[in-house]
Structure formats: C-alpha cells, structure tokens
Amino acid sequence: MTDKDRILSAELVEPTATFTLREVCERGDCHAEFVIKLVNYGVIAPVEESPEARQWQFDLDALARLRKAQRLQRDLKMNLPGLAMSLELLDEVQEMRREVDRLNRQLRQFLGDS
C-alpha cells in the first residue's frame, strides 16, 4: 500500500468521555507499561488518582497527550524524562501564545476605542 492508498479512520467520542487503561492502550496502540511510565513521569494523568492502575480513567486530553508523546518518542527518539520536559515546554509555549493573542485583542480594542 502506498501513501496515496492509505485509509484514515476517525472515531467520534463525546468530549467528556473517559477511557480505562485498557481502552487507552488500544486507542494509543501501546502497552500498559508505557502508559504507567508516562503517568509516573507526569506526562499524562488519570482523571482521579487511584493506587491501582487497573482503576485509572483517562480523558481525551490524556489520550491526545499520549499520542503526542508517542510521536516525539518515535520521531525524535526521546527517552521518558525528555518527553516529560519537552511536553511541559510545549505546554508553556502554547500558553504564552494564548496570552499573546489575548493581549493583542485587548490592544486592538484599546486602540480602536481611542
């Protein structure tokens, strides 16, 4: 199969949906050990803390973050501490961009009102 012939599939889920450890592993195509390590490094977090991994529930944000971590590991060959630091820095950059956008909107309103 060539890149042109590749079939993409999408799954529609509710924004408030939660997933068990098994479901996250199935959707992320990874082993539970990997997810547990990501939780231990603070890369992703269950919705509610539970001492047993089998009882963990994850939201869509955690699933998206898992996939982002997988891409970083695959494409850049990052180890888990590197993944954790990179994702934290990416979060900070995203937050700063939101803040710059907010400040730009305020500035435009201020200059438009003058």
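A few points on the structure. (Residues numbered from 1 in each chain as written. Predicted model: local features only at pLDDT ≥ 70, side-chain atom pairs only at ≥ 80, totals over all residues. Heavy atoms only, no water.)

1. Some remarks on the packing of helix α1 (residues 21-28) against helix α2 (residues 32-40)
Where α1 contacts α2, the two axes come as close as 9 Å, and the packing angle between them is 105°. Classified by the angle their axes make, α1 and α2 are roughly perpendicular. Contacts between α1 and α2 involve L21, V24 and C25 from the former and A32, V35 and I36 from the latter. Split into classes, the residues belonging to the contact of α1 with α2 amount to six nonpolar, no polar and no charged. (Axes fitted to C-alpha atoms, helices over the stretch in contact; angles between N-to-C directions. Helix = DSSP H or I, 4+ residues; strand = E, 2+ residues; numbered from the N terminus. Parallel < 35°, antiparallel > 145°, perpendicular 65-115°, else oblique. Contact = heavy atoms within 4.5 Å. Nonpolar A, V, L, I, M, F, W, Y, C, P; charged D, E, K, R; others polar.)

2. Focus: the nonpolar core
Counting 24 residues, the largest nonpolar core has V24, V35, L38, V43, I44, F58 and L66 as its most contacted members. Those elements that provide at least two residues to this core are α1, α2, α3 (60-76) and α4 (80-113). Top contributing element to this core by residue count: α3, with five residues. Here V35 is in contact with L21, V24, C25, C30, I44, F58 and L66, once residues within four sequence places are set aside. (Core = buried A, V, L, I, M, F, W, Y, C linked by side-chain atoms within 4.5 Å. Buried < 20%, exposed > 50% of the residue type's maximum accessible area, 1.4 Å probe, protein only.)

3. A look at a nonpolar patch on the surface
Residues L107, F110 and L111 make up a contiguous nonpolar surface patch of roughly 340 Å² in combined accessible area. For F110, the position within the fold is in helix α4. Using a relative accessible area of 56% as the deciding quantity, one classes F110 as exposed. (Patch = residues over 30% accessible without salt bridge, like charges linked within 9 Å, V, L, I, M, F, W, Y side chains within 5 Å. Areas by Shrake-Rupley, 256 points an atom, 1.4 Å probe, with all protein chains shown as cover. Salt bridge = Lys/Arg side-chain N within 4 Å of Asp/Glu carboxyl O.)

4. Digging into the environment of W56
Inspection of the secondary structure assignment puts W56 in the loop between α2 and β2 (57-59). Each C-alpha atom, one on W56 and one on I36, is 10.0 Å from the other, the two residues being 20 residues apart in sequence. In contact with W56, not counting residues within four places along its chain, are F19, T20, L21, I36, V39, P46, E48 and S50. Within the local environment of W56, its side chain forms a polar contact with the backbone oxygen of S50, the two atoms lying 2.9 Å apart. (Polar contact = N/O pair within 3.5 Å; in protein donor to acceptor, adjacent residues only side chain to side chain.)

5. Details of the packing of α1 against α3
For the pair α1 and α3, the least separation of the axes is 10 Å and the interaxial angle reads 45°. Considered as vectors, α1 and α3 are oriented oblique to each other. Where α1 crosses over α3, the two elements pack in a sense that is right-handed. Each of V24, R27 and G28 in α1 lies in contact with α3, whose residues at this interface are L63, L66, R67 and Q70. Of the residues contributing to the contact of α1 with α3, the split by class is three nonpolar, two polar and two charged. (Left-handed = near helix turned anticlockwise from the far one by under 90°.)

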